Amino acid sequence: MEHLGFKIRKIHQLIKLHMNHNLKQLDITVSQMHVLTYLFRYGDEKITQKILSEEFGVKHSTMSGILARLKEKGFIDIRVDEQNKKYRNIYLTSKARRLKEQMNANREKTESLLIKDFTDKEIEQLCNYLDRLYHNLLTDSEISDKVMECFNEERTIERRQRND
């Protein structure tokens, strides 16, 4: 029998493969999708590259590349903040706003594929099992507080994205 962690990893890889396939049709990458999703959710606030870098836990240069490609593709606009000239605010374009429903549809398509041939009861049981696996790993006292702090920051980002 395959180890459970290995099975979960293979499932994760297949989900990512499906996601990348679907996003390719929209001309975006997974990283770009995450940034767009964040902007959909918090775009009414002033969002800067620094905020995005901190929120996603990536280097300034990494976020700069993601934003440059999104700007090239016409999904975002970057403008100098009128109140503080050293900040550049990120704004969604109408082209990006048209992607939101397609991104959600792709997510639903992948999730439907995941639970195909499952009964409602089996889906509920699966969710409970996954929650228990998550809880077991989360409460492992051998993991340092620093590592858990980073993990919790990542989970916060993911929760915000799921709420879109």
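Residues numbered from 1 in each chain as written. Predicted model: local features only at pLDDT ≥ 70, side-chain atom pairs only at ≥ 80, totals over all residues. Heavy atoms only, no water.

**Thoughts on a nonpolar patch on the surface**
Thinking step 1. A surface patch of nonpolar side chains, about 730 Å² in accessible area, is lined by L4, I8, I11, L114, I115, F118, L126, L130 and L133.
Thinking step 2. When contributions to the nonpolar patch are tallied by element, the ones reaching two or more residues are α1 (4-24) and α6 (120-138). (Patch = residues over 30% accessible without salt bridge, like charges linked within 9 Å, V, L, I, M, F, W, Y side chains within 5 Å. Areas by Shrake-Rupley, 256 points an atom, 1.4 Å probe, with all protein chains shown as cover. Salt bridge = Lys/Arg side-chain N within 4 Å of Asp/Glu carboxyl O. Helix = DSSP H or I, 4+ residues; strand = E, 2+ residues; numbered from the N terminus.)

**Topic: the packing of aromatic side chains**
Thinking step 1. Applying the stated criterion to the full structure yields two aromatic pairs.
Thinking step 2. Between Y38 and Y42, the ring centres sit 4.8 Å apart and the planes meet at 40°, which makes this aromatic pair tilted. Linking Y38 with Y42, this pair stays in helix α2 (residues 30-42), spanning four residues, or about one helical turn.
Thinking step 3. What makes Y42 buried here is its relative accessible area of 16%. (Phe/Tyr/Trp six-rings, centres within 6.5 Å; stacked < 30°, edge-to-face > 60°. Buried < 20%, exposed > 50% of the residue type's maximum accessible area, 1.4 Å probe, protein only.)

**Quick look at the side chain of N89**
Thinking step 1. When you line up the elements, N89 lands in strand β2 (residues 88-92).
Thinking step 2. Separated by 3.0 Å, the side chains of N89 and D81 make a polar contact.
Thinking step 3. A distance of 3.5 Å separates the side chain of N89 from the side chain of Y91, its partner in a polar contact.
Thinking step 4. Setting aside anything within four residues of it in sequence, one finds N89 in contact with K46, I47, T48, D77, I78, R79 and D81. (Polar contact = N/O pair within 3.5 Å; in protein donor to acceptor, adjacent residues only side chain to side chain. Contact = heavy atoms within 4.5 Å.)

**Focus: the pattern of salt bridges**
Where charged atoms from two side chains of opposite charge come close, those side chains can pair.
Thinking step 1. In this structure the tally under the stated criterion is five salt bridges.
Thinking step 2. Between K71 and D77 there is a salt bridge, with its nearest N and O atoms 3.8 Å apart.
Thinking step 3. Among the residues examined, K71 registers a relative accessible area of 39% and is labelled partly exposed.
Thinking step 4. In this structure D77 comes out as partly exposed when scored by relative accessible area, which is 24%.
Thinking step 5. The closest approach of N and O atoms between D77 and R79, which form a salt bridge, is 2.8 Å.
Thinking step 6. For R79, a relative accessible area of 41% puts it in the partly exposed group.
Thinking step 7. One continuous salt-bridge network, built from bridges that share partners, spans K71, D77 and R79.

**Structural notes on the packing of α2 against helix α4 (residues 60-72)**
Thinking step 1. One way to put it is that α2 packs onto α4 with a least axis distance of 10 Å and a crossing angle of 85°. Classified by the angle their axes make, α2 and α4 are roughly perpendicular. In this structure, α2 uses S31, Q32, V35 and L36 to contact α4, whose residues at the interface are M63, I66, L67, R69 and L70. (Axes fitted to C-alpha atoms, helices over the stretch in contact; angles between N-to-C directions. Parallel < 35°, antiparallel > 145°, perpendicular 65-115°, else oblique.)

**Looking at the confidence of the model for the chain**
Thinking step 1. When pLDDT is averaged along the chain, the result is 86; 86% of the residues meet or exceed 70.
Thinking step 2. Here helix α7 (residues 145-162) stands out as the least confident element of the chain, with mean pLDDT 57; α4 is the most confident, with 95. (pLDDT = per-residue confidence, 0-100.)

**With respect to the nonpolar core**
Thinking step 1. Ranked by internal contacts, the top residues of the largest apolar core, which has 26 residues, are I28, V35, L36, L52, L67, I76 and M103.
Thinking step 2. Mapped onto this core, the elements with two or more residues apiece are α2, α3 (49-56), α4, β1 (76-80), β2 and α5 (94-114).
Thinking step 3. The greatest single-element share of this core, amounting to eight residues, is contributed by α2.
Thinking step 4. Once residues lying within four places of it in the same chain are set aside, the contact partners of I76 are L36, L39, L67, L70, K71, I90, Y91 and T93. (Core = buried A, V, L, I, M, F, W, Y, C linked by side-chain atoms within 4.5 Å.)

**Focus on unusual backbone geometry**
Thinking step 1. Despite not being glycine, D27 has its phi angle at roughly 65°, a positive value.
Thinking step 2. A positive phi angle, near 70°, is found at D117, a position not held by glycine.
Thinking step 3. The topology assignment puts D117 in the loop between α5 and α6.

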